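Per-entry structural report
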Amino acid sequence: MRLALVSAVVFAATSLSLASPSGAVSSVPRDVPVISPDGDYCAYNGVTEIQACVDDPADIEYAYAATEEEPSGRSVSAAASVVLGRFFDDVNYATGLGFIDYLGAGACTASLTTRDAGWSPLGTWANRISSFQGYNSCSIRLWTGVGYTGTSLSYRTTSANVGTTLNNNSESVEFS
Ligand SMILES: [Ca+2]
């Protein structure tokens, strides 16, 4: 599967920091973030197969937006912006080391007998996940191998510590 990375999308600045004639800075608005593959806070859109990252978790919505349309102009519906899960580099949902949000085409169903969405391979997030949270009715199952192979645990909505077998050792993810 192709992994498209947004190389460098810089949103137009919405405001500038202006100094008054006396020299006092009137305000210090937030800079609009640079979207790149290098930030620690990422979004991966399973429909467009685009990954985008930012340096500040408060800017994650910018990463979501950057994953919704490919450079070719192939856009996806608004429904493709549903977050199915958040995967943390650290245990206990700690954000300091970074996280990635997986966006799918729709929420998960109540049944766990079928896969509602799948993420494989994990690209830059392979062998990195240590805890996760499911969103939009999704339970999550990690696998040690690509293509939902190897060893896994049962579906669960959250995991504060994925355990020694899967910690930093997951290469695909199922949502149901
Ligand atoms: Ca980790």
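Keep in mind the model is a prediction, meaning the values are calculated, not measured. Here the residue numbers are simple positions, counted from 1 along each chain's written sequence. Local features in a predicted model are, by the rule used here, given only for residues with pLDDT of at least 70; side-chain atom pairs are given and counted only at 80 or more, and totals for whole chains, interfaces and linings are based on all residues.

The pairing criterion is simple: DSSP has to find at least two bridges between the two strands. A run of DSSP states H or I qualifies as a helix once it reaches four residues; a run of E qualifies as a strand once it reaches two. Both are numbered from the N-terminal end. Pairing in this open sheet of 4 strands is antiparallel, and the strands run E8-E13-E10-E11 from one edge to the other. Of all the strands in the sheet, just strand E8 (117-119) and strand E11 (149-152) have a single pairing partner and so form its edges. Taking the axes of each pair of neighbouring strands and ignoring which way they run, one obtains an average angle of 30° across the sheet. Judged from the 4 bridges that link them, strand E10 (residues 140-145) and strand E13 (residues 172-175) form a sheet pairing that is antiparallel. Bridge assignment links isoleucine 140 to a residue of E13, and that residue is phenylalanine 175. Each axis is a line fitted through C-alpha atoms, and for a helix only the stretch in contact is used; angles between axes span 0 to 180 degrees, taken between their N-to-C directions.

As paired elements, strand E6 (residues 82-88) and strand E9 (residues 131-134) share 4 bridges and run antiparallel to each other. Counterpart to phenylalanine 88 in the pairing with E9 is serine 131. Direction of pairing for E9 relative to strand E12 (residues 158-159): antiparallel, over a ladder of 2 bridges. Note that in E12 the partner of glutamine 133 across the bridge is threonine 158.

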